[in-house]
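What follows is each chain in one-letter form.
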Amino acid sequence: MRMNRAIPLLVAAAVSIVGAQAARASKTLDIYVVDVEGGNATLFVAPSGESVLIDTGNAGAPAVRDADRIAAAAKDAGLTRIDTLITTHWHGDHYGSMAELAARLPIRRFIDHGPNVQPAPGPDEFLQKTYPTLYASAGHTVAKPGDTVPIAGLIWKIVSAGSKTISTPLPGAGRPNPYCAGFKAHTVNPVSGQPVGNTEDEQSVASHITFGKFRAVHLGDLTWNKEFELMCPNNRLGTVDVFFVSRHGQPSSNSELLVHAIRPRVAIINNGARKGGQGDAMRVLYSSPGIEGIWQIHYSLLGGREYAVPGIFIANQGEEQQHDGSAYWLKVSARADGHFTVTNNRNGFTRSY
Ligand SMILES: [Zn+2]
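Quick caveat: nothing in here was measured; it's all calculated off a predicted structure.

**Some points on the sheet that holds strand S6 (residues 139-142)**
- In space, the nine strands of this open sheet follow the order S6-S5-S4-S3-S2-S1-S16-S17-S18, with mixed pairing throughout. A single partner strand is all that each edge strand has here, and the edge strands are S6 and strand S18 (350-352). Averaged over all adjacent pairs, the angle separating strand axes in this sheet is 15°, with direction ignored.
- Sheet topology note: the strand S4 (residues 84-86)/strand S5 (residues 109-112) ladder contains two bridges and is parallel. Bridge pairing in S5 links isoleucine 86 to isoleucine 111.

**Some remarks on the coordination of the zinc ion**
- In the first shell of the zinc ion, the protein supplies Asp93 (OD), His94 (NE2), Asp221 (OD) and His248 (NE2), at 2.1 to 2.3 Å from the metal.
- Every donor counted, the four donor atoms about the zinc ion form angles of 84 to 159° at the centre, which fits irregular coordination.
- Between the donor residues of the zinc ion, the gaps in sequence give the motif D-H-x126-D-x26-H. Note that aspartate 93 is positioned in helix H3 (residues 92-95) and aspartate 221 in the loop between strand S11 (214-218) and helix H6 (224-231), a separation of 128 residues in sequence. Side by side, aspartate 93 and aspartate 221 carry an identical accessibility label, which is buried.

**Digging into the pairing of strand S14 (residues 293-298)**
- For S14, a buried count of six out of six residues is recorded, marking the element as mostly surrounded by other parts of the structure.
- Since strand S13 (residues 266-269) and S14 lie parallel, the crossover through helix H8 (residues 279-286) that links them has a hand, and here it is right-handed.
- Judged from the two bridges that link them, S14 and strand S15 (residues 314-316) form a sheet pairing that is parallel. Paired with glutamine 296 across the two strands is isoleucine 314, which belongs to S15.

**Observations regarding the nonpolar core**
- Formed by 66 residues in total, the largest nonpolar core has its most connected members in Trp156, Phe214 and Ile268.
- Residues within four places of isoleucine 268 in sequence aside, it is in contact with Val33, Val242, Phe243, Phe244, Val245, Trp295, Leu330, Val332 and Val342.

**Here we look at the packing of aromatic side chains**
- In total, this model carries 16 aromatic pairs according to the counting rule given.
- With centroids separated by 4.1 Å and ring planes inclined at 10°, the aromatic side chains of phenylalanine 183 and phenylalanine 228 adopt a geometry described as stacked. Here the residue phenylalanine 183 occupies a position in the loop between strand S9 (164-165) and strand S10 (206-211), and phenylalanine 228 occupies one in helix H6, the gap between them amounting to 45 residues.
- Taking the relative accessible area as the measure of exposure, phenylalanine 228 reaches 30% and is therefore partly exposed.

**A short note on empty space enclosed by the protein**
- This structure, assessed with the given rule, holds one cavity of 30 Å³ or more.
- Of the volumes computed, that of the largest cavity is approximately 90 Å³.
- Residue composition of the lining of the largest cavity, by class: four nonpolar, eight polar and two charged.

**Here's the deal with H8**
- Where H8 is concerned, the buried positions are Gly279, Ala281, Met282, Val284 and Leu285.
- Those residues of H8 hidden inside the fold are in contact with strand S12 (242-244), helix H7 (256-262), S13, S14 and helix H9 (304-307).

**Brief notes about the confidence of the model for the protein**
- In this model, the protein carries an average pLDDT of 93, and 93% of its residues clear a pLDDT of 70 or more.
- Segment residues 1-21: pLDDT under 50, and 30 contacts once partners within four positions in sequence are set aside and those in other chains are kept.

**Some thoughts on the pairing of strand S7 (residues 148-151)**
- Residues Val149 and Ile151 point to one face of S7 and are all buried, whereas Thr148 and Pro150, pointing to the other face, are not buried.
- The pairing of S7 with strand S8 (residues 154-161) spans four bridges and is antiparallel. Pairing of isoleucine 151 across the sheet is with leucine 154, part of S8.
- If you look at the hairpin formed by S7 and S8, you'll find two residues sitting between the two strands, and glycine 153 has a positive phi there, around 90°.

**Observations regarding unusual backbone geometry**
- In the segment running from cysteine 232 into proline 233, the intervening peptide bond is cis, with an omega of 0°.
- Tracing the backbone through its elements, the reader meets proline 233 in the loop between H6 and S12.
- The backbone of glutamate 37 shows a phi angle near 55°, a positive value even though the residue is not glycine.
- By the secondary structure assignment, glutamate 37 is in the loop between strand S1 (29-33) and strand S2 (42-45).
- A relative accessible area of 4% means that glutamate 37 is categorised as buried.

**With respect to the side chain of aspartate 30**
- Locating aspartate 30 in the fold gives a position in strand S1.
- Overall, aspartate 30 belongs to the buried group, its relative accessible area being 6%.
- Within the structure, aspartate 30 has its side chain in polar contact with the side chain of threonine 28 (distance 2.9 Å).

**Some points on the state of the cysteines**
- Taken as a whole, this structure holds one disulfide when the rule is applied.
- Disulfide pairing is shown between cysteine 180 and cysteine 232; the S-S distance is 1.9 Å. On the sign convention where negative is left-handed, the bridge of cysteine 180 and cysteine 232, at about -95° about the S-S bond, is left-handed. Placement of cysteine 180 in the loop between S9 and S10 and of cysteine 232 in the loop between H6 and S12 is noted, with a sequence separation of 52 residues between them. Considered together, cysteine 180 and cysteine 232 belong to a single accessibility category, that of buried residues.

About the criteria used
Residues numbered from 1 in each chain as written. Predicted model: local features only at pLDDT ≥ 70, side-chain atom pairs only at ≥ 80, totals over all residues. Heavy atoms only, no water. Pairing = 2+ DSSP bridges. Helix = DSSP H or I, 4+ residues; strand = E, 2+ residues; numbered from the N terminus. Axes fitted to C-alpha atoms, helices over the stretch in contact; angles between N-to-C directions. Donors = N, O, S within 2.8 Å, 3.2 Å for Na, K, Ca; no water. Tetrahedral: all angles 85-135°; square planar, octahedral: opposite > 155°, others 65-115°. Buried < 20%, exposed > 50% of the residue type's maximum accessible area, 1.4 Å probe, protein only. Right-handed = clockwise from strand over helix to strand, strands pointing away. Core = buried A, V, L, I, M, F, W, Y, C linked by side-chain atoms within 4.5 Å. Contact = heavy atoms within 4.5 Å. Phe/Tyr/Trp six-rings, centres within 6.5 Å; stacked < 30°, edge-to-face > 60°. 1 Å grid on protein atoms, 1.4 Å probe; cavity = no way out; pocket = protein on both sides within 12 Å on 5 of 7 lines; lining within 4 Å. Points joined across faces, edges and corners; volume = space filled by probe spheres on them. Nonpolar A, V, L, I, M, F, W, Y, C, P; charged D, E, K, R; others polar. pLDDT = per-residue confidence, 0-100. Polar contact = N/O pair within 3.5 Å; in protein donor to acceptor, adjacent residues only side chain to side chain. Disulfide = S-S within 2.5 Å.

Right, here's the structure in full:
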(Lines give C-alpha, C1' and ligand atoms only; values in the text may rest on other atoms or scores of the structure.)
Protein backbone atom coordinates (compact mmCIF):
# COMPACT_ATOMS: atom_id res chain seq x y z
CA MET A 1 0.00 0.00 0.00
CA ARG A 2 2.56 2.48 1.15
CA MET A 3 4.81 2.02 -1.86
CA ASN A 4 2.03 2.78 -4.30
CA ARG A 5 0.37 5.65 -2.51
CA ALA A 6 0.99 8.18 -5.28
CA ILE A 7 0.22 5.89 -8.19
CA PRO A 8 -3.60 5.55 -8.38
CA LEU A 9 -4.04 9.18 -9.41
CA LEU A 10 -1.47 8.78 -12.14
CA VAL A 11 -3.06 5.59 -13.40
CA ALA A 12 -6.49 7.22 -13.52
CA ALA A 13 -5.08 10.08 -15.57
CA ALA A 14 -3.30 7.67 -17.89
CA VAL A 15 -6.36 5.69 -18.78
CA SER A 16 -8.09 8.72 -20.25
CA ILE A 17 -4.98 9.73 -22.15
CA VAL A 18 -4.35 6.31 -23.66
CA GLY A 19 -8.01 5.93 -24.54
CA ALA A 20 -8.04 9.13 -26.54
CA GLN A 21 -4.59 8.80 -28.06
CA ALA A 22 -4.38 9.01 -31.82
CA ALA A 23 -2.09 6.38 -33.32
CA ARG A 24 1.23 7.61 -34.71
CA ALA A 25 3.13 5.76 -37.38
CA SER A 26 6.49 5.78 -35.67
CA LYS A 27 8.80 3.26 -34.13
CA THR A 28 10.99 5.80 -32.42
CA LEU A 29 10.93 7.80 -29.24
CA ASP A 30 11.54 11.34 -30.48
CA ILE A 31 12.95 13.97 -28.15
CA TYR A 32 13.15 17.65 -29.04
CA VAL A 33 15.54 19.84 -27.08
CA VAL A 34 14.00 23.25 -27.66
CA ASP A 35 16.07 26.42 -27.52
CA VAL A 36 14.62 28.67 -24.85
CA GLU A 37 17.75 30.80 -24.48
CA GLY A 38 19.13 29.34 -21.27
CA GLY A 39 15.84 28.00 -19.90
CA ASN A 40 14.55 24.48 -20.29
CA ALA A 41 11.99 22.83 -22.56
CA THR A 42 12.40 19.20 -23.62
CA LEU A 43 9.63 17.43 -25.50
CA PHE A 44 9.35 13.62 -25.53
CA VAL A 45 7.06 11.91 -28.04
CA ALA A 46 6.60 8.17 -27.56
CA PRO A 47 5.98 5.89 -30.57
CA SER A 48 2.33 5.77 -29.46
CA GLY A 49 2.11 9.54 -29.93
CA GLU A 50 1.82 10.15 -26.21
CA SER A 51 3.82 13.24 -25.27
CA VAL A 52 5.66 14.51 -22.22
CA LEU A 53 7.04 18.03 -22.02
CA ILE A 54 9.59 18.84 -19.34
CA ASP A 55 9.40 22.58 -18.60
CA THR A 56 8.14 25.53 -20.59
CA GLY A 57 10.98 28.04 -20.92
CA ASN A 58 11.08 31.62 -19.71
CA ALA A 59 8.61 33.88 -17.93
CA GLY A 60 8.03 37.53 -18.71
CA ALA A 61 8.74 39.10 -22.08
CA PRO A 62 10.24 35.93 -23.67
CA ALA A 63 7.23 33.76 -22.74
CA VAL A 64 5.43 34.24 -26.06
CA ARG A 65 8.61 33.48 -28.00
CA ASP A 66 9.29 30.33 -25.95
CA ALA A 67 5.71 29.08 -26.24
CA ASP A 68 5.95 29.56 -30.01
CA ARG A 69 9.19 27.58 -30.15
CA ILE A 70 7.77 24.70 -28.09
CA ALA A 71 4.60 24.73 -30.22
CA ALA A 72 6.77 24.57 -33.36
CA ALA A 73 8.47 21.41 -32.09
CA ALA A 74 5.08 19.94 -31.14
CA LYS A 75 3.80 20.69 -34.63
CA ASP A 76 6.83 19.03 -36.18
CA ALA A 77 6.00 15.94 -34.11
CA GLY A 78 2.37 16.02 -35.28
CA LEU A 79 1.01 16.75 -31.80
CA THR A 80 -2.25 18.55 -31.16
CA ARG A 81 -1.84 18.55 -27.41
CA ILE A 82 0.64 17.92 -24.60
CA ASP A 83 -0.40 14.85 -22.63
CA THR A 84 1.84 15.40 -19.62
CA LEU A 85 3.71 18.51 -18.53
CA ILE A 86 6.37 18.01 -15.88
CA THR A 87 7.48 21.29 -14.36
CA THR A 88 10.79 20.56 -12.68
CA HIS A 89 10.68 23.57 -10.33
CA TRP A 90 9.34 27.07 -9.83
CA HIS A 91 12.08 29.13 -11.40
CA GLY A 92 11.11 31.50 -14.19
CA ASP A 93 13.30 29.74 -16.78
CA HIS A 94 11.38 26.48 -16.25
CA TYR A 95 7.67 27.24 -15.80
CA GLY A 96 7.72 30.55 -17.66
CA SER A 97 5.63 30.14 -20.81
CA MET A 98 3.17 27.61 -19.39
CA ALA A 99 0.08 29.84 -19.72
CA GLU A 100 1.09 30.97 -23.21
CA LEU A 101 1.71 27.38 -24.27
CA ALA A 102 -1.61 26.20 -22.81
CA ALA A 103 -3.32 28.80 -25.03
CA ARG A 104 -1.73 27.12 -28.08
CA LEU A 105 -1.98 23.44 -27.11
CA PRO A 106 -4.21 21.78 -24.52
CA ILE A 107 -2.28 20.20 -21.65
CA ARG A 108 -3.88 17.10 -20.15
CA ARG A 109 -1.91 16.41 -16.99
CA PHE A 110 0.33 18.58 -14.82
CA ILE A 111 3.08 17.22 -12.59
CA ASP A 112 5.24 19.28 -10.22
CA HIS A 113 7.09 18.94 -6.91
CA GLY A 114 4.55 20.86 -4.81
CA PRO A 115 4.61 24.40 -3.40
CA ASN A 116 7.34 26.94 -4.13
CA VAL A 117 9.99 26.89 -1.37
CA GLN A 118 11.76 30.05 -2.52
CA PRO A 119 9.26 32.91 -2.17
CA ALA A 120 9.34 35.43 -5.01
CA PRO A 121 6.58 37.59 -6.50
CA GLY A 122 6.66 35.97 -9.96
CA PRO A 123 6.18 32.30 -9.06
CA ASP A 124 4.02 33.04 -6.01
CA GLU A 125 1.53 34.99 -8.09
CA PHE A 126 1.65 32.40 -10.87
CA LEU A 127 0.99 29.56 -8.41
CA GLN A 128 -1.83 31.41 -6.69
CA LYS A 129 -3.66 32.83 -9.66
CA THR A 130 -2.68 31.19 -12.94
CA TYR A 131 -1.61 27.60 -12.32
CA PRO A 132 -4.86 26.42 -10.66
CA THR A 133 -6.86 27.67 -13.62
CA LEU A 134 -4.59 25.75 -16.02
CA TYR A 135 -4.96 22.39 -14.26
CA ALA A 136 -8.59 22.88 -13.17
CA SER A 137 -9.95 20.77 -16.02
CA ALA A 138 -6.89 18.48 -16.24
CA GLY A 139 -5.00 16.13 -13.93
CA HIS A 140 -2.62 17.51 -11.33
CA THR A 141 -0.14 15.35 -9.44
CA VAL A 142 2.67 16.12 -7.01
CA ALA A 143 5.55 13.81 -7.88
CA LYS A 144 7.35 11.71 -5.28
CA PRO A 145 10.65 9.91 -5.75
CA GLY A 146 9.97 6.35 -6.86
CA ASP A 147 6.75 7.24 -8.71
CA THR A 148 6.14 5.78 -12.14
CA VAL A 149 4.50 8.16 -14.59
CA PRO A 150 2.47 5.93 -16.90
CA ILE A 151 3.37 6.73 -20.51
CA ALA A 152 2.41 4.18 -23.14
CA GLY A 153 5.53 2.35 -24.35
CA LEU A 154 7.95 4.02 -21.91
CA ILE A 155 9.04 3.39 -18.34
CA TRP A 156 9.16 6.84 -16.76
CA LYS A 157 10.51 6.90 -13.20
CA ILE A 158 10.77 9.91 -10.92
CA VAL A 159 14.17 9.67 -9.21
CA SER A 160 14.09 12.90 -7.22
CA ALA A 161 11.43 15.44 -6.32
CA GLY A 162 10.78 17.89 -3.52
CA SER A 163 14.40 17.61 -2.34
CA LYS A 164 14.10 13.83 -1.80
CA THR A 165 15.85 11.23 -3.93
CA ILE A 166 15.07 7.56 -4.47
CA SER A 167 16.58 5.39 -1.75
CA THR A 168 16.57 2.13 -3.69
CA PRO A 169 18.35 1.69 -7.02
CA LEU A 170 16.53 1.38 -10.31
CA PRO A 171 16.38 -2.18 -11.71
CA GLY A 172 19.87 -3.29 -12.73
CA ALA A 173 21.55 -0.36 -10.96
CA GLY A 174 23.02 0.00 -7.47
CA ARG A 175 26.72 -0.75 -7.81
CA PRO A 176 29.15 1.11 -5.54
CA ASN A 177 30.03 4.45 -7.14
CA PRO A 178 33.83 4.91 -7.19
CA TYR A 179 33.52 8.64 -7.98
CA CYS A 180 31.97 9.42 -4.57
CA ALA A 181 35.36 9.43 -2.83
CA GLY A 182 36.46 12.80 -4.15
CA PHE A 183 33.21 14.63 -3.40
CA LYS A 184 33.40 18.14 -2.01
CA ALA A 185 30.04 19.60 -1.03
CA HIS A 186 29.04 23.04 -2.26
CA THR A 187 28.17 25.56 0.47
CA VAL A 188 27.61 28.30 -2.11
CA ASN A 189 26.56 28.06 -5.74
CA PRO A 190 29.83 28.56 -7.68
CA VAL A 191 27.96 30.41 -10.43
CA SER A 192 25.74 32.78 -8.43
CA GLY A 193 27.68 32.93 -5.16
CA GLN A 194 24.39 32.34 -3.29
CA PRO A 195 24.10 29.85 -0.41
CA VAL A 196 22.78 26.45 -1.40
CA GLY A 197 20.42 24.15 0.47
CA ASN A 198 16.87 25.38 0.22
CA THR A 199 16.38 26.76 -3.26
CA GLU A 200 13.95 25.58 -5.89
CA ASP A 201 16.77 23.83 -7.74
CA GLU A 202 17.05 21.16 -5.03
CA GLN A 203 13.33 20.48 -5.46
CA SER A 204 13.64 19.57 -9.17
CA VAL A 205 11.46 16.76 -10.45
CA ALA A 206 14.07 14.44 -11.95
CA SER A 207 13.22 11.74 -14.49
CA HIS A 208 14.75 8.49 -15.73
CA ILE A 209 13.26 7.31 -19.01
CA THR A 210 13.49 3.83 -20.54
CA PHE A 211 12.35 2.88 -24.04
CA GLY A 212 13.29 -0.73 -24.73
CA LYS A 213 17.07 -0.77 -24.36
CA PHE A 214 17.39 3.02 -24.62
CA ARG A 215 17.81 4.98 -21.39
CA ALA A 216 18.00 8.69 -20.67
CA VAL A 217 18.00 10.97 -17.66
CA HIS A 218 16.74 14.51 -17.28
CA LEU A 219 17.29 15.85 -13.77
CA GLY A 220 16.20 19.46 -14.30
CA ASP A 221 18.35 21.78 -12.20
CA LEU A 222 19.09 19.19 -9.51
CA THR A 223 22.10 20.49 -7.60
CA TRP A 224 25.64 19.25 -7.04
CA ASN A 225 24.89 18.22 -3.43
CA LYS A 226 21.67 16.43 -4.43
CA GLU A 227 23.65 14.51 -7.05
CA PHE A 228 25.72 13.14 -4.16
CA GLU A 229 22.57 12.08 -2.28
CA LEU A 230 21.22 10.35 -5.39
CA MET A 231 24.45 8.70 -6.52
CA CYS A 232 26.38 7.81 -3.34
CA PRO A 233 27.50 5.49 -2.01
CA ASN A 234 25.73 3.45 -4.69
CA ASN A 235 24.88 4.47 -8.24
CA ARG A 236 21.08 4.22 -8.15
CA LEU A 237 20.63 5.25 -11.79
CA GLY A 238 22.99 2.86 -13.57
CA THR A 239 24.30 3.89 -16.99
CA VAL A 240 22.42 5.79 -19.69
CA ASP A 241 22.54 6.46 -23.41
CA VAL A 242 21.65 10.15 -23.30
CA PHE A 243 22.23 12.61 -20.47
CA PHE A 244 20.19 15.78 -20.80
CA VAL A 245 22.79 17.84 -19.02
CA SER A 246 21.60 19.32 -15.74
CA ARG A 247 21.00 22.98 -15.09
CA HIS A 248 21.91 24.28 -18.55
CA GLY A 249 25.43 22.88 -18.28
CA GLN A 250 26.49 24.94 -15.31
CA PRO A 251 29.13 23.77 -12.82
CA SER A 252 26.66 24.21 -9.94
CA SER A 253 25.51 20.73 -11.02
CA ASN A 254 27.13 18.05 -13.21
CA SER A 255 29.63 16.58 -10.77
CA GLU A 256 31.89 13.72 -11.85
CA LEU A 257 30.15 11.42 -9.40
CA LEU A 258 26.97 11.86 -11.42
CA VAL A 259 28.20 12.23 -14.98
CA HIS A 260 31.06 9.73 -14.96
CA ALA A 261 29.00 7.14 -13.08
CA ILE A 262 25.99 7.25 -15.43
CA ARG A 263 28.50 7.04 -18.30
CA PRO A 264 26.37 8.68 -21.00
CA ARG A 265 27.17 7.95 -24.65
CA VAL A 266 25.80 11.35 -25.57
CA ALA A 267 25.32 14.55 -23.56
CA ILE A 268 22.99 17.31 -24.75
CA ILE A 269 23.21 20.74 -23.17
CA ASN A 270 20.29 23.18 -23.17
CA ASN A 271 22.40 26.28 -22.56
CA GLY A 272 22.15 29.92 -23.56
CA ALA A 273 24.74 32.16 -25.17
CA ARG A 274 25.63 33.45 -21.70
CA LYS A 275 24.24 30.74 -19.48
CA GLY A 276 25.84 27.33 -19.05
CA GLY A 277 28.64 25.64 -20.94
CA GLN A 278 31.35 26.89 -18.58
CA GLY A 279 34.73 25.19 -18.69
CA ASP A 280 34.36 23.46 -15.31
CA ALA A 281 31.21 21.68 -16.46
CA MET A 282 32.49 21.01 -19.98
CA ARG A 283 35.66 19.37 -18.61
CA VAL A 284 33.53 16.86 -16.70
CA LEU A 285 31.63 16.00 -19.89
CA TYR A 286 34.70 15.76 -22.14
CA SER A 287 36.48 13.49 -19.64
CA SER A 288 33.46 11.24 -19.06
CA PRO A 289 34.35 7.58 -19.73
CA GLY A 290 32.73 6.28 -22.91
CA ILE A 291 31.40 9.66 -24.07
CA GLU A 292 30.80 9.61 -27.84
CA GLY A 293 29.11 12.92 -28.49
CA ILE A 294 28.37 16.28 -26.89
CA TRP A 295 25.79 18.61 -28.43
CA GLN A 296 24.93 22.17 -27.44
CA ILE A 297 21.75 24.13 -28.08
CA HIS A 298 23.84 27.31 -28.21
CA TYR A 299 27.36 28.43 -28.68
CA SER A 300 28.39 29.48 -25.16
CA LEU A 301 30.44 32.62 -24.68
CA LEU A 302 31.16 31.40 -21.14
CA GLY A 303 32.97 28.35 -22.50
CA GLY A 304 34.26 30.13 -25.57
CA ARG A 305 36.52 28.55 -28.17
CA GLU A 306 38.35 26.48 -25.61
CA TYR A 307 35.32 24.47 -24.52
CA ALA A 308 32.69 24.71 -27.25
CA VAL A 309 32.01 21.62 -29.32
CA PRO A 310 32.56 21.94 -33.11
CA GLY A 311 29.93 24.18 -34.69
CA ILE A 312 28.26 21.34 -36.53
CA PHE A 313 27.06 20.02 -33.14
CA ILE A 314 25.65 23.41 -32.07
CA ALA A 315 22.03 24.26 -32.89
CA ASN A 316 22.24 28.04 -32.54
CA GLN A 317 25.38 30.07 -33.17
CA GLY A 318 24.16 33.57 -32.22
CA GLU A 319 25.95 35.42 -29.46
CA GLU A 320 23.11 37.70 -28.34
CA GLN A 321 21.97 37.26 -24.75
CA GLN A 322 18.40 36.68 -25.91
CA HIS A 323 17.60 35.99 -29.52
CA ASP A 324 14.00 36.59 -30.55
CA GLY A 325 11.96 34.85 -33.19
CA SER A 326 12.36 31.21 -34.12
CA ALA A 327 15.35 29.05 -33.29
CA TYR A 328 16.71 25.60 -33.98
CA TRP A 329 16.28 22.45 -31.95
CA LEU A 330 18.25 19.27 -31.46
CA LYS A 331 16.27 16.08 -31.99
CA VAL A 332 16.99 12.62 -30.64
CA SER A 333 15.28 9.66 -32.31
CA ALA A 334 15.71 6.48 -30.30
CA ARG A 335 14.81 2.93 -31.25
CA ALA A 336 13.82 0.22 -28.81
CA ASP A 337 17.02 -1.68 -29.65
CA GLY A 338 19.00 1.18 -28.06
CA HIS A 339 20.29 2.74 -31.28
CA PHE A 340 19.60 6.43 -31.67
CA THR A 341 20.38 9.45 -33.79
CA VAL A 342 20.83 13.09 -32.93
CA THR A 343 19.95 15.69 -35.56
CA ASN A 344 20.81 19.37 -35.67
CA ASN A 345 17.76 21.14 -37.08
CA ARG A 346 19.90 24.12 -38.24
CA ASN A 347 22.21 22.30 -40.62
CA GLY A 348 20.53 18.90 -40.98
CA PHE A 349 23.60 17.12 -39.60
CA THR A 350 22.72 13.72 -38.14
CA ARG A 351 24.90 11.32 -36.27
CA SER A 352 23.99 7.75 -35.33
CA TYR A 353 24.95 6.15 -32.05
ZN1 LIG B 1 17.30 26.67 -14.72
